[in-house]
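Reading the structure
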Amino acid sequence: MKNRKRKRIDNKVDFVLLLIFLVIGLYFGIEAILGNLIPLKYILIFLVTVLFLFVGIFLTFKVRNSTFRVFRKVFLVVVCVVLLFGGIFQGQIRNAFSNVNDGSFYKDYMYVITLKDNSYENIEDVGVLGYLSQSDDLLEYSLEQLSEYQFEKKTYDSLEEELSELEGGEVDAVLISAKDQTLQELNNDSFSGKYKTIHTIEMTIESNNDVVSNDLTSKPFVVYIAGLDNMGEPTQLGLHDVNMLLMVDPINHHVEMVSINRDTYIPNPMMNDYPDKLTHLGWYGPETAMNTLERVFGIQIDYYAKVTFESLIKIIDTLGGIDVDVQISFTEQDENRSFEEGDLIHLEKGYQHLNGSQALAYARHRHTEGWDVKGREQAQRDIIAAIVDKMLSVEGALKLGDVVNVAASYVSTNMSMDSARSFVKSAIDSGHGWTFGSSTVNGDVEVLLPCAMENDLERSVVLLEENDIQLVHDIYTSMNTQIHFNDFAFDLDDMEKYMDTFTLDKHVVTLENYYDVVPEYFPEYLRYRF
């Protein structure tokens, strides 16, 4: 009697587990359909398999073997747990796609700063405010936002004069744009330690670029990757410290990665095409840099994706840190560009566990003699490899959903998420392995030349070589020229039509032409260098 009662209870438990299995299986399938990443045929195969397993396991309820019953319970529990985590993960992926910023707006900032040793703590404490006389949209918006406060105003013709008057006590605080503050921090190590921000004004700027929705499965496309040298959201304007072109060929399942030095000397279309550093173009939005790189290399760039350095910190911290063999001993500013002793990051050479801030410091460092840009690029590759290794571990796999959500919050792109999902679905459906290639446009010639955004100041820039430009153009051309051998033939009477007719843009400065090109269109006061 007791055995029979125990058997009935046992069957009820198994039946409940079987129902839970069915519900979780359907939940997994629904998430797969909503996510629109897995090809429908695989989802249907999965759902049919779930139904077959449900019926098959139900028919085994008549089996009396106790060992088999235990195995059945264990099997159902394990499968339920796996499918539950799979469904949750798919939901996180779906939410991540919806969290990606579509690039419809940017944010720019104006700061009210004062001397760090002043007693002023907020805007209400200011009696006299200084700002530049050259008006622009950000300044006008900022003054409008500050109109409710009662203080005397003084204008200056240059930032140097403005800061000098602040240090001399002629004004209590000054307005400085995020762009000017960043340049000051880069060129003056003591800037962060001398001033403090007591008020921030945020201006939202609508973008003229629409989300681009194309078929990414039938022809090659190019994505410009811009890494923002700043913390916070990718909607803010700032220097592009990382610049990369991803040339994706979905037909031959190949991706070519082209890294471009941040200091590359290229035309700045916002400054009448005067030469400037590539990184500076980030202050005018990623589409400005994207369009300029199109001109430089004679290619079409279809999309941009903009990320911030904070994403690297968040991803690594979400993973619980990474293990990296640090190649040099160094000291670097923290993620907020602070040189305060308590904020500086010190790392010794050797294999060690790094948190997000430490990994970012290693990825950014380039001032140690003999390390410079090439060393920094090697560090960045090592960090990416360590992240991948961690994500492939059991610990990392369990946090993959959180990592995807974090990453999505720090990406801004003009690529339609429907197009991105279709691309992923097609890649899964094809079953083909992908190959990867990499090239670096990192000219060996670094010289001091005037930069458009910094007026007449000479900065260290990297000159492109015409061979490097041609290389990038050729990679793009070969990827977009699909040869069909059935129709393969030459027209011997018109061989010129098979030749590449790419002509270098007249405003592009290269190692070969810079003595001739630069003086032609630089303002007269900048021509002294030549």
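Residues numbered from 1 in each chain as written. Predicted model: local features only at pLDDT ≥ 70, side-chain atom pairs only at ≥ 80, totals over all residues. Heavy atoms only, no water.

When helices and strands are counted, the protein chain shows 16 helices and 19 strands. The proportion of buried residues among the 530 residues of the protein chain is 48%. Pairs at least 24 residues apart make up 73% of the contacts formed inside the protein chain by residues separated by at least 6 positions. Total accessible area on the protein chain is roughly 27200 Å²; 54% of this is exposed by carbon and sulfur atoms. (Helix = DSSP H or I, 4+ residues; strand = E, 2+ residues; numbered from the N terminus. Buried < 20%, exposed > 50% of the residue type's maximum accessible area, 1.4 Å probe, protein only. Contact = heavy atoms within 4.5 Å. Areas by Shrake-Rupley, 256 points an atom, 1.4 Å probe, with all protein chains shown as cover.)

Quick look at helix H14 (residues 417-430) now. Between the first and last C-alpha of H14 there are 20 Å, a value that for 14 residues agrees with the 20 Å anticipated at 1.5 Å per step. Three or more residues of H14 are buried, namely Met 417, Ser 419, Ala 420 and Arg 421. One or two steps after H14, the chain reaches Gly 431, where phi turns positive at roughly 75 degrees. (Expected span 1.5 Å × (residues − 1).)

Before going further, it helps to spend a moment on the side chain of Asp 276. With respect to the helices and strands, the residue Asp 276 is situated in strand E10 (residues 274-277). Buried charge without a partner: Asp 276 forms no salt bridge, and the closest opposite charge is Lys 277, 7.7 Å away. Excluding residues that lie within four positions of it along the chain, Asp 276 makes contacts with Thr 264, Tyr 265, Ile 266, Asn 268, Leu 281, Cys 451, Ala 452 and Met 453. (Lys, Arg positive; Asp, Glu negative; His and termini not counted. Salt bridge = Lys/Arg side-chain N within 4 Å of Asp/Glu carboxyl O.)

Another point: the sheet that holds strand E11 (residues 303-308). In spatial order, the strands read E16-E11-E6-E7-E8-E17; together these six strands make up an open sheet with mixed pairing. In this open sheet, the two strands that pair with only one neighbour each are strand E16 (411-413) and strand E17 (435-441). Pairs of neighbouring strands in the sheet enclose a mean axial angle of 20 degrees, with direction left out of account. In this structure, strand E8 (residues 254-260) lies alongside E17, joined through seven bridges in parallel fashion. Note on E17: the bridge partner recorded for His 254 is Thr 435. Helix-sheet contacts for helix H9 (residues 309-318) involve strand E6 (221-228), strand E7 (240-249) and E11, and the interaxial angle to E11 is about 60 degrees. (Pairing = 2+ DSSP bridges. Axes fitted to C-alpha atoms, helices over the stretch in contact; angles between N-to-C directions.)

Our next topic: the layout of surface pockets. One way to see where empty space is left: roll a probe the size of a water molecule over the atoms. In this structure, the second largest pocket encloses a volume near 1400 Å³. Around the second largest pocket, the lining comprises 44 residues; the ones closest to its centre are Asp 136, Ser 177, Lys 179, Asp 180 and Met 453. Where the lining of the second largest pocket is concerned, the elements lending two or more residues are strand E1 (105-115), strand E2 (128-132), helix H4 (137-145), helix H5 (159-167), strand E4 (173-177), helix H6 (178-187) and strand E5 (195-206). If one sorts the elements of the lining of the second largest pocket by residue count, H6 sits on top with six residues. Tallied by class, residues from the lining of the second largest pocket come to 22 nonpolar, ten polar and twelve charged. (1 Å grid on protein atoms, 1.4 Å probe; cavity = no way out; pocket = protein on both sides within 12 Å on 5 of 7 lines; lining within 4 Å. Points joined across faces, edges and corners; volume = space filled by probe spheres on them. Nonpolar A, V, L, I, M, F, W, Y, C, P; charged D, E, K, R; others polar.)

A few words now on the pattern of salt bridges. Counted according to the given criterion, the structure contains 14 salt bridges. We note a salt bridge from Lys 196 to Glu 121, for which the minimum N-O separation is 3.4 Å. Placement of the pair is Lys 196 in strand E5 and Glu 121 in the loop between E1 and E2, with a sequence separation of 75 residues. When its relative accessible area of 54% is taken as the criterion, Glu 121 is described as exposed. Note that Arg 421 and Asp 418 form a salt bridge whose closest N and O atoms lie 2.9 Å from each other.

So, on to the confidence of the model for the protein chain. Per-residue pLDDT for the protein chain averages 84, and the proportion of residues at 70 or more is 91%. Of all the helices and strands in the protein chain, helix H16 (residues 514-521) carries the lowest mean pLDDT, 63, while strand E15 (residues 350-354) carries the highest, 95. (pLDDT = per-residue confidence, 0-100.)

Turning our eyes to something else, we now look at the pairing of E1. For E1, the buried fraction is high: ten of the eleven residues fall into the buried class. Sheet topology note: the E1/E5 ladder contains eleven bridges and is antiparallel. Bridge pairing in E5 places Asp 108 opposite Met 203. Relative to E4, E1 runs antiparallel, the two being bridged by four bridges. Looking at E4, one finds that Val 112 is bridged to Leu 175.

Spatially, E3-E2-E4-E1-E5 is the arrangement adopted by the five strands of the open sheet, whose pairing is mixed. Among the strands making up the open sheet, the edge pair consists of strand E3 (152-156) and E5. The average undirected angle you get between the axes of adjacent strands in this sheet is 25 degrees. Note: E2 against E3, five bridges, orientation parallel. Pairing of Gly 130 across the sheet is with Lys 154, part of E3. Across the face of the sheet, H5 comes into contact with E1, E2, E3, E4 and E5 while running at roughly 150 degrees to E4.

This paragraph deals with the nonpolar core. Counting 48 residues, the largest nonpolar core has Tyr 224, Leu 245, Met 247, Leu 293 and Phe 297 as its most contacted members. Residue contacts for Leu 293: discarding those within four places in its chain leaves Tyr 224, Leu 245, Ile 260, Ile 266, Leu 278 and Ile 301. Within the second largest apolar cluster, 28 residues are counted, among which are Met 231, Val 324, Val 326 and Ala 363. (Core = buried A, V, L, I, M, F, W, Y, C linked by side-chain atoms within 4.5 Å.)

As enumerated under the stated definition, the model contains 13 aromatic pairs in all. Both rings, one in Phe 15 and one in Phe 61, keep their centres 6.5 Å apart while their planes meet at 85 degrees; by these two values the pair is edge-to-face. With Phe 15 in helix H1 (residues 2-35) and Phe 61 in the loop between helix H2 (40-59) and helix H3 (66-99), the pair connects residues that are 46 residues apart, well separated along the chain. Phe 15 gets classed as partly exposed once you look at its relative accessible area, which sits at 33%. On the basis of relative accessibility, which here comes to 12%, the residue Phe 61 falls in the buried class. Between Phe 71 and Phe 75 the ring centres are 6.3 Å apart and the planes differ by 25 degrees, which places this aromatic pair in the stacked class. Separated by four residues within a single helix, Phe 71 and Phe 75 lie in helix H3, roughly one turn from each other. (Phe/Tyr/Trp six-rings, centres within 6.5 Å; stacked < 30°, edge-to-face > 60°.)

Note on placement: Ser 430 falls in helix H14. Separated by 177 residues in the primary sequence, Ser 430 and His 253 place their C-alpha atoms 9.5 Å from one another.

Another point: unusual backbone geometry. A positive phi is found at His 253, a non-glycine position, where the angle reads about 55 degrees. Secondary-structure assignment places His 253 in the loop between E7 and E8. Exposure remark for His 253: the relative accessible area of 11% places this residue in the buried category. Located in the positive-phi region is Asp 273, a residue other than glycine, with phi close to 70 degrees. You can see Asp 273 is positioned in the loop between strand E9 (265-268) and E10. Look at Asp 273 and you get buried, because its relative accessible area is 13%.

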